[in-house]
Amino acid sequence: MDRRTVLKGLAGAGGLALTGGLSAPAIAQGAAARTLRFVPQANLANFDPIWGTQYVVRNAAALVWDTLYGIDAQLQPQRQMVESEETTDDGKTWTFRLRPGLKFHDGEPVLSKDVVASLSRWAARDPMGLMIIAIQQELTAVDDRTFKWVLKQPFPKMLYALAKNNAPCSFIMPERIAKTDPFKQITEYVGSGPMKFAKSEWVPGAKSVFEKFADYVPRQEKASWLAGGKQMLVDRVEWIVMPDPATAAAALQNGEVDWWENPIADLVPVLKKNKNISVDIGDPLGNIGSFRMNHLFAPFNDVRARRAVLMALSQEDYMRAIVGDDTALWKPLPGFFTPDTPLYSEMGGEILKGKRDFDAAKKLLAESGYSGQPVTCLVAQDQPITKAQGDVTADLLKKLGMNVDFVATDWGTVGSRRAAKTPPGQGGWNMFHSWHAGADCITPASYTAIRANGDKAWFGWPTSAGTEKEVTAWFDAKSLDEEKAAVGRLNKAALDDVVYAPTGFFLTYTAWRKNVSGVAKGPLPFFWGVSKSA
Amino acid sequence: MLSYILRRIVATLPVMAIVALFVFSLLYIAPGDPAVVIAGDQASPEDVERIRQSLGLDRPFLIQFGSWVWRILHGDLGTSIFTNLPVSTMIGQRLGPTLSLMIVTLLLTIVVAVPLGVVAAWKAGSLIDRAIMGFAVFGFSLPVFVVGYMLAYIFALELEWLPVQGYTPLNEGFWPWLENLILPAIALGCVYIALVARITRAAMLEVLQQDYIRTARAKGLGQGGILFIHALKNAAVPIVTVIGIGIALLIGGAVVTESVFAIPGLGRLTIDAILRRDYPVIQGIVLLFSFVYVLVNLMIDVTYTLVDPRIRY
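Here goes a summary of the coordinates provided.

1. Let's talk about the interface of chain B and chain A
Then step 1. With 49 residues of chain B in contact, the opposing surface of chain A contributes 49 residues.
Then step 2. Listing elements by their share of the side of chain B that touches chain A, those giving two or more residues are α2 (34-39), α3 (45-55), α5 (87-122), α7 (144-158), α8 (174-179), α12 (236-260) and α13 (266-276) of chain B.
Then step 3. Of the residues assigned to the side of chain B that touches chain A, the class counts are 29 nonpolar, 11 polar and nine charged.

2. Looking at unusual backbone geometry
Residue and element names in this part refer to chain A.
Then step 1. For the bond running from Ala167 to Pro168, omega is -5 degrees, close enough to zero to count as cis.
Then step 2. With respect to the helices, strands and loops of the structure, Pro168 is situated in the loop between α6 (158-163) and α7 (175-178).
Then step 3. Ala298 connects to Pro299 through a cis peptide bond whose omega is 5 degrees.
Then step 4. Summarising the element assignment, Pro299 is placed in the loop between β13 (287-293) and α10 (303-312).

3. A look at the sheet that holds strand β12 (residues 277-281) of chain A
All names here are of chain A.
Then step 1. As summarised here, the arrangement of the seven strands in space is β8-β9-β10-β1-β11-β19-β12, forming an open sheet in which the pairing is mixed. The sheet is open, and its two borders are formed by β8 (195-197) and β12, each paired with just one other strand.
Then step 2. Along the sheet, helix α3 (residues 55-64) makes contact with β8, β9 (207-212) and β10 (236-240), crossing β8 at roughly 120 degrees.

4. Focus on helix α16 (residues 480-496) of chain A
All names here are of chain A.
Then step 1. End to end, α16 covers 24 Å across 17 residues, agreeing with the expected 24 Å (1.5 Å per residue, within 8%).
Then step 2. Among all positions of α16, only Glu483, Ala486, Val487, Leu490, Asn491, Lys492, Ala493, Ala494 and Leu495 are buried.
Then step 3. Those residues of α16 that are buried lie in contact with α15 (465-476).
Then step 4. Two residues or fewer past α16, Val498 is found with a positive phi of approximately 50 degrees.

5. Thoughts on the sheet that holds strand β6 (residues 136-141) of chain A
All names here are of chain A.
Then step 1. Read across the sheet, four strands follow the order β4-β5-β7-β6 without closing on themselves; strand pairing throughout is antiparallel. Each edge of the open sheet is held by one strand with a lone partner, namely β4 (82-87) and β6. Neighbouring strand axes in the sheet, compared pairwise and without regard to direction, differ in orientation by 15 degrees on average.
Then step 2. Note that strand β5 (residues 93-98) and strand β7 (residues 146-151) share five bridges and pair antiparallel. Each residue of the ladder has a partner; that of Trp94, found in β7, is Trp149.
Then step 3. Sheet contacts for helix α4 (residues 112-123): β5, β6 and β7; angle to β6, the most-contacted strand, approximately 145 degrees.

6. What to know about α12 of chain B
Then step 1. For α12 of chain B, spanning 25 residues, the distance from its first C-alpha to its last is 34 Å, which sits close to the expected 36 Å at 1.5 Å a residue.
Then step 2. Phi turns positive one or two residues past the end of α12 of chain B, at Ala262 of chain B, with a value near 50 degrees.

7. Notes on the environment of Leu480 of chain A
Residue and element names in this part refer to chain A.
Then step 1. Its place among the elements puts Leu480 in helix α16.
Then step 2. Here Leu480 falls in the exposed class, since 10 other C-beta atoms lie within 10 Å of it.
Then step 3. As a C-alpha pair, Leu480 and Gly425 span 55 residues in sequence and 46 Å in three-dimensional space.

8. With respect to the packing of helix α1 (residues 2-29) of chain B against helix α14 (residues 279-307) of chain B
Residues and elements named next belong to chain B.
Then step 1. Look at α1 against α14: their axes get within 9 Å of each other, and the N-to-C directions meet at 150 degrees. Between α1 and α14, the angle is such that the two are roughly antiparallel. Seen along the crossing, α1 lies across α14 with a hand that is right-handed. Here α1 contributes Ile5, Arg8, Thr12, Val15, Met16, Val19, Ala20, Val23, Phe24 and Leu27 to the contact with α14, which in turn contributes Tyr279, Ile282, Gln283, Val286, Leu287, Ser290, Phe291, Val294, Leu298 and Val302.
Then step 2. Grouping the amino acids of the contact of α1 with α14 by side-chain chemistry returns 16 nonpolar, three polar and one charged.

So, how was this worked out
- Within any chain, residue numbers begin from 1 and follow the written order of that chain's sequence.
- Naming scheme: in the order in which they are written, chains are lettered from A and ligands are numbered from 1.
- Given that this is a predicted model, residues contribute local features only at a pLDDT of at least 70 and side-chain atom pairs are listed and counted only at 80 or more, while totals for whole chains, interfaces and linings are drawn from all residues.
- Placing C-beta atoms from the backbone, we regard two residues as in contact once those atoms come within 7 Å.
- In DSSP terms, a helix is any run of H or I states spanning at least four residues, a strand is any run of E spanning at least two, and both are numbered starting from the N terminus.
- Gly falls in the polar group here, along with every residue not listed as nonpolar (Ala, Val, Leu, Ile, Met, Phe, Trp, Tyr, Cys, Pro) or charged (Asp, Glu, Lys, Arg).
- Two strands are said to pair when DSSP picks up at least two bridges between them.
- Note on geometry: axes are lines fitted to C-alpha atoms, helical ones only across the stretch in contact, with angles between N-to-C directions running from 0 to 180 degrees.
- To estimate how far a helix should reach, multiply one less than its number of residues by 1.5 Å.
- Counting other C-beta atoms within 10 Å of a residue's own tells you its class, since 20 or more makes it buried, 12 or fewer makes it exposed, and anything in between is partly exposed; those C-beta atoms are placed from the backbone.
- Roughly parallel means an angle under 35 degrees; roughly antiparallel, over 145; roughly perpendicular, 65 to 115; everything else is oblique.
- Crossing chirality is assigned from the near helix's rotation relative to the far helix, an anticlockwise turn below a right angle marking it left-handed and a clockwise turn marking it right-handed.

Printed below as a string of structure tokens:
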């Protein structure tokens, strides 16, 4: 008998006296094995994957709602809720047929009218969806299982748009829910996926619970990312939010949780030493660090100033600041697209390679007309990745002889202030840092940060005709070779004009207890195929 | 007494109104935008603007404030911008863990700190006194999160006696409830134990020099009786005051403790709401906290009449 047992006994006796009853029985081992306790990357603060596009919402939504197509580990769209599809020779009409037997969590069948409403709501918020809407003639239900999307011109990336894992995904909801204004939050969470959302147990900021949906009909194929048979091997998945990484690490070691999505690099050595814990790269698509400059105001409205920064920027400094000395976790990235994916290119990336040339950078900066005016650098201190990048940037700019106005603030403030188009001295800014999930940087389709269409571009509002031309070329490409060629040219144009400064490619770990099996690498945590022994 | 309590409760209303106006104004002028957080990092400025409009955040200050006050007057704290849940529901979900933590911490503080202070005063100048006061300095000096991590490491990871994190409601059993609160309560209680012990010692030292204590000793009363019946009761007013202040301060300490031990209480809700700029939740919590502060002060004043019959309202 250990001390904990004695304490339990004493407290149990006290509790009996105080509460007048027996304490709750311990959970049976079998039940514990059917419950997977997971620490997500962030708090699930809302649960509308169209209204709120945070990754954590997308990840939870993938459990509850199914999609027509799913992207697999080879980055190919595969049928999911769809049984078959046809396209006319001119590529303008797509006809889809749903699999039989699909049901929502309220027991109602999934019908074409539900799909039409869901796609309409999704398309209003998704960059690819908006492109489809722009050329849409009609989207209609033909019968209960068939629907048709008629376009004014071909859209070769249709299946990719419906399968992609970038938020927002085209999740299928019942028509009455999907008719909600896409800029307003849904209030019912009736899903079409393998798990039901237990709203009564939802404590935002603390806990979210998902329960197995008995009537879900998985595909027969082997699961691969968002495609294939989503077989649930546990009955219940509990998401337990832990804001403090040290607490999450301790809880995992103590067996109080089973799987921690994203342990911070500092704590990984401790976890690796624990014989009960497995640690591996979570998402092989990783992340791309970003140093974003404001193209509207001096000094970065001059491409020479932006290129001067790029010439002096050491990606190794940034990566070591973010992930530490574990060289397996990062690599230099002389480009904008995710390494080891089909469209990856280093065309035009020479400026980021080799020894950093501060003398040449200073000379180019002087040629741009920079004369010591303050450069407002927004740095969110509550995000370890942005803080690390901000510190490196401040040092870099000082070495270049720039006058840095370092604004240490929180992410909420950066998120708001970066939208200001006023001059830096009047509430605007010159630069901020961010990072992009590698899964979002595989193609130009969902890569908002690479767009350079001026006023309509992402924060910083870059204008680069060459970049935009190649984005269009990629959308029009009819083969992988054409796509590769377009993205190569795009990479060069975006580096020449410095749409933004990539600070490197980095990976993160995931960790789970060894009694859990089936954890797959991917851009989001996949719970199908994951089992747990007692 | 009853009319005094009623007067005090009525007097809280203008205080709450001023707090409400202050909080609303502060949030209005503070940087940050919940629409940006909702829209996500890849959202276009147009999407952000449409979300702002749908939330009513683009309306003028006075209209936003007016509609908020109107709702408050109808007992409606509003709806969270993010979760779409009523603020009262969210506060209700989080009240239990925070109240539990505060009650256990308070009991621990009183049970440990008052006897320590009494003993320190009794043995003033001795090694015991110095040891207790040394502990008090230690308790003051260590931040809550440091104590928390140390306790979690020793008692959860190394000894495996207690869990690292979480909260179990009392209706699921007394021990499951208590075992989750022991470490957080010790971590949070350290500074209050130090504070109350020092105040108790100081108050007791003054009382122990009074004539009636000398008389009690001359009558042959035992040391325990003198210390805990005669002296402690007369030293109680400052002790009750500092315990009352401690309750108010516990709310602040709970923010850190709840984060370290992953307790889903009001402290974490506050932090989350501030980081996301969830205005209705922040406003609801601040109103609640200000009410609790006022209530605690009232309770302290009423308690004075119990420990000192000379005080009457």
